[in-house]
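# Fold and geometry: a report
Chain residues, written in single-letter form:
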Amino acid sequence: QELAELQSKRGQLSRSVDLASQELKITEPLLNSGGISHVELLRLQREVNDLRGQLDAVSLAISFLSICPSRYARYLPRNKLPLARCSRNGVRVRI
């Protein structure tokens, strides 16, 4: 269940990143014409950056659960990412 929730969250974040990136791309030219302030452009850039960071974190958590599906599922309380080590077939993952 945790994996399905994370995959759903990843899809949502991916769409949000795409939309925020489109908004930023459309808004950037408005800075030169005075249609938007530099502060607002920075806010949009920060939003895109934050969303990408969240997307990366969720993708990493999905990878973690794929390697250790049952043993470490308990390290995924709601809205938190795993902070544990997993060793399987000589592969070590730390999130």
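These lines cover the structure that appears in this document, whether it is placed above or below.

Calculation criteria
- Residues numbered from 1 in each chain as written.
- Predicted model: local features only at pLDDT ≥ 70, side-chain atom pairs only at ≥ 80, totals over all residues.
- Heavy atoms only, no water.
- Core = buried A, V, L, I, M, F, W, Y, C linked by side-chain atoms within 4.5 Å.
- Buried < 20%, exposed > 50% of the residue type's maximum accessible area, 1.4 Å probe, protein only.
- Helix = DSSP H or I, 4+ residues; strand = E, 2+ residues; numbered from the N terminus.
- Axes fitted to C-alpha atoms, helices over the stretch in contact; angles between N-to-C directions.
- Parallel < 35°, antiparallel > 145°, perpendicular 65-115°, else oblique.
- Left-handed = near helix turned anticlockwise from the far one by under 90°.
- Nonpolar A, V, L, I, M, F, W, Y, C, P; charged D, E, K, R; others polar.
- Expected span 1.5 Å × (residues − 1).
- Salt bridge = Lys/Arg side-chain N within 4 Å of Asp/Glu carboxyl O.

### Here we look at the nonpolar core
Within the largest apolar cluster, 15 residues are counted, with the highest numbers of intra-cluster contacts made by Leu6, Leu13, Leu24, Leu51 and Val58. When residues of this core are traced back to their parent elements, those giving at least two are helix H1 (2-33) and helix H2 (38-67). It is H2 that contributes the most residues to this core, nine residues altogether.

### Considering the packing of H1 against H2
The relative placement of two packed helices comes down to the angle between their axes together with the axis-to-axis distance. Packing of H1 against H2 leaves a shortest axis separation of 8 Å and a crossing angle of 160 degrees. One element, H1, and the other, H2, form an angle in the roughly antiparallel class. In this structure, the crossing between H1 and H2 has a hand that is left-handed. Counted by class, the contact of H1 with H2 contains 16 nonpolar, nine polar and seven charged residues.

### Some remarks on H2
Taking 1.5 Å of rise per residue, 30 residues should cover 44 Å, and H2 covers 44 Å from first to last C-alpha, within 8% of that figure. Leu41, Leu44, Val48, Leu51, Leu55, Val58, Ala61, Ile62, Phe64 and Leu65 are the residues of H2 that are buried.

### Focus: the pattern of salt bridges
Within this structure, the stated rule accounts for two salt bridges. With its nearest N and O atoms 3.9 Å apart, the salt bridge here joins Glu40 to Arg43. Here Glu40 and its partner Arg43 are both found in helix H2, three residues apart, which amounts to about one turn of the helix. Exposure remark for Glu40: the relative accessible area of 37% places this residue in the partly exposed category. On the basis of relative accessibility, which here comes to 34%, the residue Arg43 falls in the partly exposed class. The partner of Arg43 in a salt bridge is Glu47, and the shortest N-O contact between them spans 3.5 Å. Of this pair, Arg43 and Glu47 both sit in helix H2, four residues apart, roughly one helical turn. Of the residues examined, Glu47 reaches a relative accessible area of 31% and is grouped as partly exposed. Beyond isolated ion pairs, a larger network of salt bridges with shared partners links Glu40, Arg43 and Glu47.

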